[in-house]
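Coordinate inspection notes
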Amino acid sequence: MAEVRISGLHKYYGPVHALKGLDLTVADGEFAVFVGPSGCGKSTLLRTIAGLEEQDGGEIRIGGQVVNDMRPRDRNIAMVFQNYALYPYLTVYDNIAFGLRSRKVGEAEIKKRVDDAAGMLGIAALLARFPRQLSGGQRQRVAIGRAIVRQAQLFLFDEPLSNLDAKLRDEMRGEIKRLHRNIATTMIYVTHDQVEAMTLADRIVLLREGRIEQQGSPLELFERPATGFVASFLGSPSINLIPARLVKRDKAVAVVLESGEVLELPDERARGLEGYTERAVTFGIRPQHLSRAGRGTAPSGSARITATADLIQPTGTRTYVTSRIGGVPVTAELDAHDVHEQGIVLDYAVDMSRCLLIDPATDKVI
Amino acid sequence: MLMIQNPALSERLSVFSDRNFKYLMIALAILILLLVGLFPLIYSLIVSFQNITMTDVDTSFAGLLNYKQLFKDLRLWQALGHTALITAIALPLELIFGFLLAQLFLEKMPGRQIFVALLVLPTVLSPIVAGATWRLMFDVRFGPIGQILSFIAGTPVNILWTVNPTYVYPAIIICEVWQWTPFMFLLLLAALSNVDQSQLEAAELDGASYWRVLRQIVLPAIGPVVAIAVLIRGLDLVRVFDIIWALTEGGPGSMTETISLYTYVIGFVQFDTSYTAAVAFLVVAVLSIIVTYALRRTELVR
Amino acid sequence: MRAAGTRHKRGKLVLRLAVATVVTLMFLFPVYWLFMISFKTPDEIFHAPPLWVPGKIQFSNYWVLFKDGDVIAIWNSLVVAGISSAMAMLLGTFCAYSLARFNTGGENLAMWIISQRMIPPIAVVFPIFLIYVYFGMVDTYAGLILLYTAFNLPYVIWMMRGYIVDIPLELEESALVDGCTRWQTFWRVVFPMARSGLMATAVFTFVFAWNDFLFALILTRTEVITFPVMLTHYFGGQSNFWSKIAAMSVLGTIPIFVAVTLMQRYLVRGISLGAVKG
């Protein structure tokens with residue numbers, strides 16, 4: 001049983017309150033990702049769980065046991081570091097075996113476990129080499145191998161892919177996901193990259209300035225963000241946020257942009273918004289929910305906006321078009337064939353059923 | 001003046017100095033170094049094959065006369081032995097104590113800056129002052145060492161540290177280690193601080209014992225620095241002069257005469273010019289071999 | 001609410017502080033002893049058992065040095081060490097720049113220069129003495145200054161080379177593109193940027209020159225006698241020179257203490273020939 005349960009966790013670095021009373025549960029076997037902007041406390045949280053940093057308040061339970069006062073080595077956890085932390089003067093084999101040797105496991109057992117792990121990670125041919133002879137990706141695999149053989153109850157990853165180039169990162173992401181499927185151990189993964197978070201996590205914990213902004217499944221955070229912060233953190237390119245007003249128009253509720261466009265909300269969306277009419281809101285719409293009108297791809301009931309395509313960034317299959325709408329630059333994700341030239345005037349279809357309305361005062365999604 | 005009147009010349013000089021800048025910059029320094037570094041060696045080499053003594057200035061070629069004398073000179077070999085003894089004992093002691101001190105101060109501690117600044121003081125003293133200080137400390141009647149030892153032993157302890165053959169070497173080594181342990185301490189402190197923190201954390205999570213971490217992670221990591229420290233201090237110890245001069249002046253008799261002191265005696269007391277040159281040359285040759293060998297090895301390791 | 005582990009850690013810290021204090025006191029005790037002797041009266045110095053604290057702090061031992069004119073040794077040391085350091089810094093930094101940026105002379109020159117530092121003074125002091133006698137340079141300021149400059153050059157070159165290599169090349173390249181000659185670039189860009197390295201190296205160069213004994217012993221007589229040599233004049237078993245030894249030692253040590261304390265940030269790099277970055 002390796003459930004991780006944190007209650008009321010506080011940590012101070014001198015006068016700085018790095019972790020402000022966090023409550024969090026990671027279920028046994030779950031892959032949890034701590035994500036957030038730099039300085040939000042995600043690494044601090046991870047290292048505190050590991051015992052490499054001391055907490056100043058609250059309780060940490062791993063597998064039902066309170067580990068507050070336990071030394072890192074006694075918590076039965078394994079960790080993969082950002083800079084791999086391989087021992088430069090030991091071979092790959094000895095690096096992986098290091099933890100087992102320290103705990104006096106027999107050599108025969110060690111060999112079995114190391115060979116198994118090396119096979120799983122595809123590094124069996126590298127066992128006699130030294131870390132300096134390996135590439136970044138290979139070193140990362142060795143670091144993961146070192147963690148696997150310990151058969152710990154909890155795996156921690158501290159931004160392990162940050163030092164790799166983009167292509168390698170994609171490859172390793174898949175490896176890690178596959179690893180979790182194979183070993184089915186509780187894993188906690190820290191990253192600042194929201195793509196990694198979205199693709200790897202069973203549960204995302206989004207941190208902001210020492211607090212948990214929201215936690216849940218990736219889809220939950222993406223489609224039903226609790227705040228504007230969550231909405232803009234996840235999703236690439238990020239969500240468009242346009243200042244607007246919510247008004248009542250006949251029987252419907254509509255969003256009025258500063259440049260005058262009136263976008264009617266479909267009835268299901270308008271339910272429960274009575275208290276917010278005649279108020280300022282931030283209108284949020286993701287680039288994927290803007291399409292070129294008249295191409296038959298827009299959902300029914302979409303509102304229409306006309307704007308000039310100021311900037312076009314083609315990527316092959318999709319083209320990102322930036323226009324000025326409601327006084328701010330707005331990016332839309334269109335099909336590559338929908339637009340070719342810069343500067344032409346477009347009609348956008350806005351899928352109002354997927355839009356978000358955010359209260360500017362509290363940043364909460366309405 | 002010439003520059004202002006002749007712009008073409010000043011222009012040419014400017015271009016010349018730019019192009020040959022790198023050579024101009026090293027010119028004066030190299031010149032001085034050659035004067036002081038090369039010339040005396042050449043001179044020594046020539047003179048060592050002649051036969052100039054205090055009484056007799058015979059500049060004819062005397063073959064290997066002086067070098068043969070080297071082998072027969074018992075006092076010379078004793079001096080080499082004394083030097084080796086001091087080096088072999090003081091160097092490891094400085095390393096070990098320096099390492100222990102570094103371990104003590106490695107983790108953060110309030111006022112660490114002050115402690116370190118204070119501990120450095122012995123190293124920056126003139127070795128003459130260090131020797132003089134300990135000479136006073138060791139004095140049998142008025143020095144605190146005897147007093148402290150008497151207190152511990154319970155009975156009066158009257159050791160003539162700087163004269164008694166049994167205690168002369170301990171005295172020298174105590175003074176030497178006292179002065180230079182802080183040097184090792186500083187070096188090792190810096191080297192230990194530079195060990196990759198995440199490797200240590202990984203080892204902690206792996207459950208490695210203190211000794212395993214020391215042996216397999218820390219010592220290899222500080223290896224290059226230790227090598228340099230040993231080289232620098234080793235050479236200094238082989239050349240040691242000031243401290244011994246201040247403590248015992250080579251005495252009693254020639255018991256604590258190191259190679260440097262003996263060379264001084266031959267040159268400035270006996271004025272045996274040619275022989276001095278031969279001995280000097282021997283010393284330089286031996287040191288050069290050691291240094292070249294050591295430098296090659298550390299370059300490879302780096 | 002603090003975790004229980006912290007109490008354990010605090011206990012360890014107190015222990016370490018205690019040990020650190022004891023060790024530091026032990027190391028500094030000889031220095032303390034020296035200082036105390038310099039303040040004691042002759043009766044207090046030759047008191048058996050030895051007194052650890054003088055009755056009161058009195059400076060008569062120092063006055064004697066001034067009265068007898070022995071203080072001239074301190075002055076000589078200042079002049080010689082100061083000027084030779086300045087010259088070594090200047091010429092050495094020029095050379096270091098050439099080595100750092102142009103790799104002049106390649107690895108061989110660099111090797112040779114560092115090997116010059118390894119020369120045992122004892123091996124060259126005799127020929128140098130003879131040359132100096134020939135040119136009448138014994139017991140002259142110029143003679144000793146030249147020698148100290150020469151012997152400090154390798155150290156300066158090696159240290160400054162390391163510091164210069166750390167300065168980003170782009171700054172100089174941008175100056176060159178802007179129209180500076182190499183000479184101007186050196187003074188306007190490199191020199192200011194290497195300021196801290198310059199000061200640190202200068203201090204250590206000064207200390208090396210200040211503390212030198214062998215060369216000063218051989219090459220000075222009465223005019224240019226430096227402080228370490230003057231000190232050895234007080235030896236010889238005659239106990240009533242103890243006060244002079246102590247007072248002169250303190251006088252000769254305070255400048256060094258001050259200089260090094262100011263530069264203690266650069267201590268490690270300076271002492272270790274730059275092997276370890278500070």
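What counts, and where the lines are drawn
Residues numbered from 1 in each chain as written. Chains lettered and ligands numbered in written order. Predicted model: local features only at pLDDT ≥ 70, side-chain atom pairs only at ≥ 80, totals over all residues. Helix = DSSP H or I, 4+ residues; strand = E, 2+ residues; numbered from the N terminus. Buried ≥ 20, exposed ≤ 12 C-beta atoms within 10 Å, placed from the backbone. Contact = placed C-beta atoms within 7 Å. Nonpolar A, V, L, I, M, F, W, Y, C, P; charged D, E, K, R; others polar. Pairing = 2+ DSSP bridges. Axes fitted to C-alpha atoms, helices over the stretch in contact; angles between N-to-C directions. Parallel < 35°, antiparallel > 145°, perpendicular 65-115°, else oblique. Domains from an automatic or database assignment.

Here we take up the overall build of chain C. Broken down by element type, chain C carries 14 helices and 0 strands. Going from the N terminus to the C terminus, chain C shows its helices and strands as α-α-α-α-α-α-α-α-α-α-α-α-α-α. Expressed as lengths along the three principal axes of its C-alpha atoms, the size of chain C is roughly 80 × 75 × 30 Å. For chain C, with 278 residues in total, the buried portion stands at 44%.

On a plain count of helices and strands, chain A comes out with 9 helices and 21 strands. Counting only C-alpha atoms and orienting by the principal axes, one finds that chain A spans roughly 80 × 45 × 35 Å. Looking at chain A residue by residue over its 366 residues, the buried ones come to 41%.

Moving on: the interface of chain B and chain C. Much of the literature gives interface size as the accessible area that the parts lose upon coming together. Listed by partner, the interface residues are 70 residues for chain B and 74 residues for chain C. No other element matches the 15 residues that helix α3 (residues 21-48) of chain B contributes to the side of chain B that touches chain C. Of the residues belonging to the side of chain B that touches chain C, the class tally is 53 nonpolar, 12 polar and 5 charged.

The next subject is the environment of Val253 of chain A. Residue and element names in this part refer to chain A. Summarising the element assignment, Val253 is placed in strand β12 (residues 252-257). A count of 22 C-beta atoms within 10 Å places Val253 in the buried class. Look past the residues within four positions of Val253 in its chain and what remains in contact with it is Leu246, Lys248, Leu265, Ala270, Leu273 and Thr277.

It is worth spelling out the pairing of strand β1 (residues 4-13) of chain A at this point. Residues and elements named next belong to chain A. Across 5 bridges, β1 lies against strand β4 (residues 57-62) in antiparallel orientation. For Ile6, the partnering residue across the bridge sits in β4 and is Ile60. Across 8 bridges, β1 lies against strand β2 (residues 16-26) in antiparallel orientation. The partner of Tyr12 across the bridge, within β2, is His17.

What follows covers the sheet that holds strand β7 (residues 154-158) of chain A. Residue and element names in this part refer to chain A. Reading across from one edge, β6-β7-β8-β3-β9-β10 is the order of the 6 strands in this open sheet, with mixed pairing throughout. Only two strands of the sheet have a single partner each, and these edge strands are β6 (77-80) and β10 (211-216). When the angles between neighbouring strand axes are averaged without regard to direction, this sheet yields 20°. By the bridge criterion, 5 bridges tie β7 to strand β8 (residues 186-191) in an arrangement that is parallel. Its bridge partner lying in β8, Phe155 is registered against Met187. Each of β6 and β7 touches helix α4 (residues 136-148); the most contacted strand, β6, lies at about 180° to it.

Turning our eyes to something else, we now look at the packing of α3 of chain B against helix α6 (residues 121-135) of chain C. For any two helices packed against each other, the geometry is given by the interaxial angle and the distance between the axes. Taken N-terminus to C-terminus, the directions of α3 of chain B and α6 of chain C make an angle of 85°; their axes are 9 Å apart at the nearest point. Viewed along their axes, α3 of chain B and α6 of chain C adopt a mutual orientation that is roughly perpendicular. Between α3 of chain B and α6 of chain C, the contacting residues are Pro40, Tyr43 and Ser44 of chain B on the first element and Val124, Pro127 and Ile128 of chain C on the second. Residues belonging to the contact of α3 of chain B with α6 of chain C are distributed by class as follows: 5 nonpolar, 1 polar and no charged.

All names here are of chain B. With respect to the helices and strands, Ile42 occurs in helix α3. Classification of Ile42 as exposed rests on a count of 10 C-beta atoms within 10 Å. Separated by 17 residues in sequence, Ile42 and Met25 have C-alpha atoms that sit 26 Å apart.

Our next topic: the domain arrangement of chain C. Residue and element names in this part refer to chain C. Domains assigned within chain C are domain 1 (5-58) and domain 2 (67-271). Computed from C-alpha coordinates alone, the two centres of domain 1 and domain 2 are separated by 33 Å. Contact with domain 1, which involves 7 residues of that partner, is made by 8 residues of domain 2. Mapped onto the side of domain 1 that touches domain 2, the elements with two or more residues apiece are α1 (5-39) and α2 (42-45).

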